[in-house]
Amino acid sequence: MFEDEQNKTINEAPAEATETAETTEATETTEAVETPQAAEAVEPLAADPGDKKEKKVRKAVNISPKYFIFAGLAIILAAGIALFIFLLPANRVKRYTAAGNKQFAKENYEKAIDSFERAIKLDEFHFTARNGKLLSMAAINKRGAEDEAYEALGAIARKKAPLSEKETAECIELFLTATEMLKSYDKSGSGYMARIDEAYDALSKAEELTPAVADACVKYADVLGTAGDDGALKITLLERAYDLTNGSESVADRGREAVTSHISSLVKIDKYTEAYRYLNDYYNKFKLDRDTIKAEISKAEELYSAKTELLSNVYKAMEPCYSMLKSSFSKEGREQIDGMDFGLFSYDWLDMLMLDGSDYAQLVSVNCDENGACFAKEGFSADYTGTACALYPYGEKFINEEGKEVVSYYFFFGDFVNGKREGYGICFIKTGTSSYYCFEGTWTNDAPNGFGVYYRRNTYAYTSLAEYTEVTFGNYVDGYQDGKVIVRITANEQPGTIFEGSYNVTNGEPETVPVSTEFYEVLSEIPEGYSLIAVVPSITDGYSNYMTYRNPDGVKKGAIGYE
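Model, not experiment: these values are computed from the prediction.

Caption draft 1: Highlighting the side chain of Lys234. Tracing the sequence through the fold places Lys234 in helix H11 (residues 228-244). Buried and unpaired, Lys234 has no salt bridge, with Asp222 as the nearest side chain of opposite charge at 5.0 Å. Apart from residues no more than four positions distant in its own chain, Lys234 is found in contact with Ala221, Asp222, Leu224, Gly225, Thr226 and Ala258.

Put into structure tokens, the structure is as follows:
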């Protein structure tokens, strides 16, 4: 038995040694052997026939360096593909849009705008990003929001391919946002509505967008004026809104007001045929008071006839002498003339001036606004450039002894630029039957500016004999005398005598002169409510008389219409 155990021990020892050696050799072979054949030469030790346990033998594996190269390339390729997918524009747009939405939710609107802009640069037709940018800009009233809304509608219109259901929903949302933000925006003429219509057509006039289009028409109409092209466009927009809303009463109210105001603006510029056309086109749709408006147009036509007859006659009377007066007008020329009968007084003005005070003149003046009524050979024009005559009202309207509404007024004949008096011009007015006033001078920006001459003549009733004639020479600023003014006077009681003096004035306010006892017999005649501004001695031989020059207290000295 001992022998058996001894033999067993002896037999098992080599087996253990062999297993250890095999393991070590296999390991070394894995590191050192270059070919699979070298590894197969190693045979395992035979096991004891009595040991039924099988021993597994590891085979050595030989890995080529090419394997590592291929593996590395595969990893790089996979990483490249992943990066490529990551950087695809579509995926970047998604990430930018998601980032913008996240910043919008946090009320970080500037950062949201930046993210949405990045998305739009990659895809101009990403309507969700455009909508997000618009909402972000609106949230902080960011400048340029209306331009962005205008461009967003353009993107909808430019989308060529048929829209998917998702894109259509996004476009509708963007359309509603953009039209709400535009409100009164007008990029070029009527481009505002044109852009809305382009986007509306691109969406096949989606039914859910019709109220927004009608609202856009109303909003745009609300900021337009009622005259000229603006007035015509305003009516067109409201008419379209009325049709889109199937006859909304609130739109009808706006339309009625717009048409009535536009007709009034046409009447003011004497376009009666066009005024009647608007009345006939819209009285039924917008329920206009046709009879009242028609009566107003008819009354204006009558006034137009009166203006034409009155001012055409004044034009004919003034035109023959205007060129001569204009060419001879100068400060030196007017001040150096010795006599009083020059300039306007060298012509018979009585026939012309009798137009003043006529029924036509009162009718025209009472119905004129401050811009007057301007007439030239070409007819009436509010923005006329050239030579024309006009009638201007001034002062407050009042009721005369006959119970009629009247107003003071004067005529002007001279140069106009864009409807404003600019250059040389003459204005005159007749008061009652025995006197008239005239002014000639240079005009700038519709007012006397520079050298001017003021004439005043009183005549005995129904005769051409002068009771007195007064002429002043001086500088004018915006219609009022300013600086030293020379005054000359003649009187019928002292024929052939010319009195001359001067006074100082600042912005129409004359300086007063103290009353002197030296001229007591004359100066004592100054009535209450008047101030003495000059003592005017005679400048002709044989006379030593003096005249006083008075001015009503608180009244400025200026050209006709500026006193």
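That shown, we press on.
Caption draft 2: Structural context of the packing of aromatic side chains. Scanning the model with the defined rule gives 25 aromatic pairs in all. Both rings, one in Tyr282 and one in Phe286, keep their centres 5.7 Å apart while their planes meet at 5°; by these two values the pair is stacked. Just as Tyr282 is buried, Phe286 falls in that class too. Considering the side-chain rings of Tyr437 and Tyr454, the 6.5 Å spacing of their centres and the 80° angle between planes classify their relative orientation as edge-to-face. Placement of the pair is Tyr437 in strand E6 (residues 435-444) and Tyr454 in strand E7 (residues 447-459), with a sequence separation of 17 residues. Take Tyr437 and Tyr454: they sit in the same class, and that class is buried. By way of ring pairs, the aromatic residues Phe412, Phe416, Tyr437, Phe439, Trp443, Tyr454 and Tyr476 are connected into one cluster. When the ring centre of Tyr283 is taken as reference, the NZ or CZ atom of Arg290 above it lies at 4.3 Å.

Caption draft 3: Layout of the nonpolar core. Ranked by size, the top nonpolar core spans 56 residues in total, and within it Leu153, Ile156, Phe175, Met193, Ile196, Ile263 and Ile297 carry the most contacts. With sequence-adjacent residues up to four places away left out, Ile196 is seen in contact with Leu153, Phe175, Thr179, Leu182, Val213 and Ala216. The next biggest cluster of nonpolar side chains, apart from the first, holds 31 residues, and it includes Leu303, Phe375, Phe428 and Phe473.

What counts, and at which threshold
- Residues numbered from 1 in each chain as written.
- Predicted model: local features only at pLDDT ≥ 70, side-chain atom pairs only at ≥ 80, totals over all residues.
- Heavy atoms only, no water.
- Helix = DSSP H or I, 4+ residues; strand = E, 2+ residues; numbered from the N terminus.
- Buried < 20%, exposed > 50% of the residue type's maximum accessible area, 1.4 Å probe, protein only.
- Lys, Arg positive; Asp, Glu negative; His and termini not counted.
- Salt bridge = Lys/Arg side-chain N within 4 Å of Asp/Glu carboxyl O.
- Contact = heavy atoms within 4.5 Å.
- Phe/Tyr/Trp six-rings, centres within 6.5 Å; stacked < 30°, edge-to-face > 60°.
- Lys NZ or Arg CZ within 6 Å of the ring centre and 35° of its normal.
- Core = buried A, V, L, I, M, F, W, Y, C linked by side-chain atoms within 4.5 Å.

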